[in-house]
Amino acid sequence: WSKQNMELLQSTDFWLGLLLIIWINIILSGDNAVVIALAARSLPPEQQKKAIMFGSGAAVVLRIGLTVVAAMLMNLEYLQIVGGALLLWIGAQLLAGEDEDEGEGSEHSSLFSAIRTILIADLVMSLDNVIAVAAAAKGDQVLLIIGLAISIPMVIFGSTLMIKLMERFPIIITLGAALIGWVGGETVASDAVLRDFSAANSWFHLTAAACGAVLVFVWGKFNQSRKHKALQAE
């Protein structure tokens with residue numbers, strides 16, 4: 001360790017910055033934990049652990065990587081509209097899988113499928129999250145990486161707890177999918193092309209988020225009903 005690194009670790013600003021980043025991650029990791037739990041809930045216990053570990057690790061790695069380009073990406077028109085639409089689709093698919101059989105043919109029964117879902121959702125949700133984390137780090141890359149790395153166990157713990165709660169209270173599955181829809185609606189409303197309209201109409205952001213939650217609920221339940229009818233017809 002160099003003298004510069006030692007001075008860094010002894011700096012009050014460093015520790016305050018680290019605490020701020022950890023706090024931001026506690027607040028922002030809730031939706032990530034919900035997505036990971038929803039995607040992994042139908043896996044066997046051993047694969048559940050792997051999906052949570054890979055998903056949580058990937059969430060942090062994505063955030064570190066996105067920090068470099070997030071500000072630029074946030075200004076690209078239509079990018080967040082596409083990302084928000086992806087989240088709406090993911091939320092509906094996860095809700096539709098609520099009562100699926102847990103056999104090999106189930107849509108989210110494979111480890112690969114669960115991890116893929118987690119990665120896509122986290123990629124979209126992390127875009128705006130990293131802006132807050134990067135602002136707290138004030139350009140200090142060491143602080144940023146340490147702060148994000150510490151958030152891994154928080155996401156793992158949150159995901160594991162969510163899966164247990166979903167097993168005990170199935171309504172949480174519906175609420176979790178609706179939360180993903182809410183974030184999806186917010187993401188669409190935050191797109192660069194809608195920024196001026198959103199700023200001029202304070203109701204728009206909240207309405208878009210609520211519509212996203214409702215859309216995922218209706219879409220997911222419709223897909224769920226269609227699958228049940230198909231299974232009964234076989």
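For the structure itself, consult the block above.
A brief report on the enclosed structure follows. All values reported here derive from a predicted model rather than from experimental measurement. Within each chain, residues carry numbers counting from 1 in the order of the written sequence. Local features are withheld for residues below a pLDDT of 70 in this predicted model, meaning they are given only at 70 or higher, and side-chain atom pairs are given and counted only at 80 or more; totals for whole chains, interfaces and linings count all residues. Remark: hydrogens and water are excluded; side-chain values derive from all non-hydrogen atoms of the structure.

**Observations concerning helix H7 (residues 141-168)**
Put simply, the rule is: We count a stretch as a helix when DSSP gives it H or I for four or more residues in a row; a strand needs E for two or more, and each element gets its number in order from the N terminus. A helix's residues, less one, multiplied by 1.5 Å, set its expected span. Under the scheme applied here, a residue whose accessible area is under 20% of the maximum for its type counts as buried, over 50% as exposed, and between as partly exposed, the area being computed with a 1.4 Å probe on protein chains only.
For H7, spanning 28 residues, the distance from its first C-alpha to its last is 41 Å, which sits close to the expected 40 Å at 1.5 Å a residue. Among all positions of H7, only Leu143, Leu144, Gly147, Leu148, Ser151, Val155, Gly158, Ser159, Met162, Ile163 and Met166 are buried.

**So, the packing of helix H3 (residues 30-40) against H7**
Our working definition: Every axis corresponds to a line fitted to the C-alpha atoms, with the helix fit spanning only the stretch in contact, and the corresponding angles, defined between N-to-C directions, vary from 0 to 180 degrees. In this scheme, roughly parallel covers angles under 35 degrees and roughly antiparallel covers those over 145, while 65 to 115 is roughly perpendicular and the rest are oblique. Here is the rule for handedness: rotate from the far helix to the near one, and if that takes an anticlockwise turn smaller than a right angle the crossing is left-handed, while a clockwise turn gives right-handed. It only takes one pair of heavy atoms within 4.5 Å for two residues to be counted as in contact.
Where H3 contacts H7, the axes come no closer than 8 Å and their chain directions differ by 50 degrees. Here H3 is positioned oblique relative to H7, judged by the angle of their axes. The hand of the H3/H7 crossing is right-handed. Contacts from Ala33, Val34, Ile36, Ala37, Leu38 and Ala40 of H3 reach H7 at Val155, Gly158, Ser159, Met162, Ile163 and Met166.

**Overview of the packing of aromatic side chains**
We apply this condition: Within 6.5 Å between ring centres, the rings of Phe, Tyr and Trp (the latter by its six-membered ring) count as paired, and their orientation is classed by plane angle as stacked under 30 degrees, edge-to-face over 60, tilted in between.
Evaluated as defined, the whole model comprises three aromatic pairs. When the ring of Phe197 is compared with that of Trp203, the centres are 6.1 Å apart and the planes differ by 90 degrees; the resulting orientation is edge-to-face. Look at Trp203 and you get partly exposed, because its relative accessible area is 48%. Each residue in the set Phe197, Trp203 and Phe204 is aromatic and connected to the rest through ring pairs, giving one cluster.

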